[in-house]
Amino acid sequence: MSGRVSLEEIRKVAQLAKLSFPEEELVRFFQDISDIIAHFEKLSELDLDHVSPTSHISWSQPPVNPDEPVHWQGSDLVLEHAPCVVGRYFVVPKVVEKEERPL
């Protein structure tokens, strides 16, 4: 596993996520991510040949609820409390602009 990440990659991910940060914060993110990757690289050095894999971290069984369909009649109540509704749909602000890309 190549655990190297560059500051430029951090900038690119922030840009793709449409986030803007001051340079100092990007440098801090870069350091934090580098530290996290270094910890995982350290874990990969462990000799786990004689350790059996586990599927759960605890030995207790999780509670199992019956999986039975029920008719839910609460949509009217939810729509009553929504700030903006058209028909049976929530109206929310647009958050993604459509980019025109040549084919």
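Our structure's up above, just so we're on the same page.
Residues numbered from 1 in each chain as written. Predicted model: local features only at pLDDT ≥ 70, side-chain atom pairs only at ≥ 80, totals over all residues. Heavy atoms only, no water.

(A) Representation of the overall build of the protein chain in the model. Check the secondary structure of the protein chain and you find three helices and two strands. Listing every helix and strand of the protein chain by position from the N terminus yields α-α-α-β-β. Burial statistics for the protein chain: of 103 residues in total, 8% are counted as buried. Of the accessible surface of the protein chain, which amounts to about 10400 Å², a share of 60% is contributed by carbon and sulfur atoms. (Helix = DSSP H or I, 4+ residues; strand = E, 2+ residues; numbered from the N terminus. Buried < 20%, exposed > 50% of the residue type's maximum accessible area, 1.4 Å probe, protein only. Areas by Shrake-Rupley, 256 points an atom, 1.4 Å probe, with all protein chains shown as cover.)

(B) Structural context of a nonpolar patch on the surface. Together, Ile 36, Phe 40, Leu 43, Leu 46, Leu 48 and Val 51 give the surface a local cluster of nonpolar side chains, amounting to about 610 Å² of exposed area. One can find Ile 36 in helix 2 (residues 23-43). (Patch = residues over 30% accessible without salt bridge, like charges linked within 9 Å, V, L, I, M, F, W, Y side chains within 5 Å. Salt bridge = Lys/Arg side-chain N within 4 Å of Asp/Glu carboxyl O.)

(C) Quick look at the packing of aromatic side chains. Taken as a whole and judged by the stated rule, the model has one aromatic pair. Look at Phe 21 and Phe 29: their rings are 4.9 Å apart centre to centre, the planes differ by 90 degrees, and that puts the pair in the edge-to-face class. Using a relative accessible area of 29% as the deciding quantity, one classes Phe 21 as partly exposed. Under the relative-accessibility criterion, Phe 29 is labelled partly exposed at 25%. (Phe/Tyr/Trp six-rings, centres within 6.5 Å; stacked < 30°, edge-to-face > 60°.)

(D) Seen up close, unusual backbone geometry. At Lys 18, a position not held by glycine, the phi torsion is positive, near 55 degrees. Residue position: Lys 18 is located in the loop between helix 1 (7-16) and helix 2.

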